[in-house]
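One letter stands for each residue in the lines below.
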Amino acid sequence: MAQQEKLLNSIVTAISDSLDLDDLLQRAVDQMLQVFHASRSLAVLCRPTDVALMHTAAAADPGFDDLRGVAIPIVSNPHAQAVLSQDCPVAIIETPEQM
């Protein structure tokens, strides 16, 4: 719980001076990368009618590809469907190679 509070405080502090959605999302993924000591952090915005998940904002450690703008198909992709079935933010430890 303390880590979640730290993340929330970091994100709120980082984004409090902007109203631009792209900027807010980018700052949020930058903060998540640092707080969770992750190799990659992504934000995806989607609608129920979308056929693919588009990485809207991305942050990554050196050596990891920038996935901003990369589309991940939803149809016939059990991993993407599992992520979408969640009703809250999702942290994924490892992703399948085909993602």
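Here, every reference points to the structure presented above.
Please read these numbers as outputs of a predicted model, since none were measured by experiment.

Asker: Could you give me a rundown of the overall build of the protein chain, with the residues and numbers involved?
Answerer: On a plain count of helices and strands, the protein chain comes out with 3 helices and 3 strands. Along its sequence from the N terminus, the protein chain presents helices and strands in the succession α-α-β-β-β-α. In terms of overall size, the protein chain behaves like a compact globule, its C-alpha atoms giving a radius of gyration of 14 Å where 99 residues would be expected to give roughly 13 Å. In terms of overall dimensions, the protein chain has a C-alpha envelope of 40 × 30 × 25 Å along the principal axes.

Asker: Explain the sheet that holds strand β3 (residues 71–73) to me, and be specific about the residues and the numbers.
Answerer: Taken together, the 3 strands give an open sheet; going across it, the order is β1-β2-β3, and neighbouring strands pair in antiparallel fashion. Single-partner strands in this sheet number two, and they are β1 (40–44) and β3. Here the strands of the sheet are splayed against their neighbours by 40 degrees on average, with no regard to which way each runs. In this sheet, β3 lies alongside strand β2 (residues 52–60) in antiparallel orientation, the contact comprising 3 bridges. Residue A52 lies in a different strand from β3, and its bridge partner there is P73.

Asker: I'd like a rundown of the nonpolar core, residues and numbers included.
Answerer: If you look at the biggest cluster of nonpolar residues, it comprises 6 residues: L25, V29, L33, A43, A57 and A59. Residue assignment for this core shows that the elements contributing at least two residues are α2 (21–35) and β2. With 3 residues, α2 is the largest single contributor of residues to this core. With residues near it in sequence (within four places) discarded, A43 still touches L25, V29, M54, H55, T56 and A57.

Asker: Explain the pairing of β2 to me, and be specific about the residues and the numbers.
Answerer: Here β1 pairs with β2 via 5 bridges, running antiparallel. The residue bridging L42 from the neighbouring strand is A58, located in β2.

Asker: Give a description of α2 that names residues and reports values.
Answerer: For an α-helix, the turn length of 3.6 residues means that residues three or four places apart are oriented alike. Taking 1.5 Å of rise per residue, the 15 residues of α2 would be expected to cover 21 Å, and the 21 Å separating its terminal C-alpha atoms lies within 8% of that figure. Two residues or fewer past α2, H37 is found with a positive phi of approximately 50 degrees.

Asker: Which residues make up unusual backbone geometry, and what values go with them?
Answerer: The backbone phi angle of H37 is positive, close to 50 degrees, even though this residue is not glycine. One can find H37 in the loop between α2 and β1. Unusually for a residue other than glycine, S76 sits at a positive phi of about 60 degrees. By relative accessible area, which is 69% here, S76 ends up exposed.

Thresholds, definitions, all that
- Residues numbered from 1 in each chain as written.
- Predicted model: local features only at pLDDT ≥ 70, side-chain atom pairs only at ≥ 80, totals over all residues.
- Heavy atoms only, no water.
- Helix = DSSP H or I, 4+ residues; strand = E, 2+ residues; numbered from the N terminus.
- Rg over C-alpha atoms; globule rule 2.2 N^0.38 Å.
- Pairing = 2+ DSSP bridges.
- Axes fitted to C-alpha atoms, helices over the stretch in contact; angles between N-to-C directions.
- Core = buried A, V, L, I, M, F, W, Y, C linked by side-chain atoms within 4.5 Å.
- Buried < 20%, exposed > 50% of the residue type's maximum accessible area, 1.4 Å probe, protein only.
- Contact = heavy atoms within 4.5 Å.
- Expected span 1.5 Å × (residues − 1).

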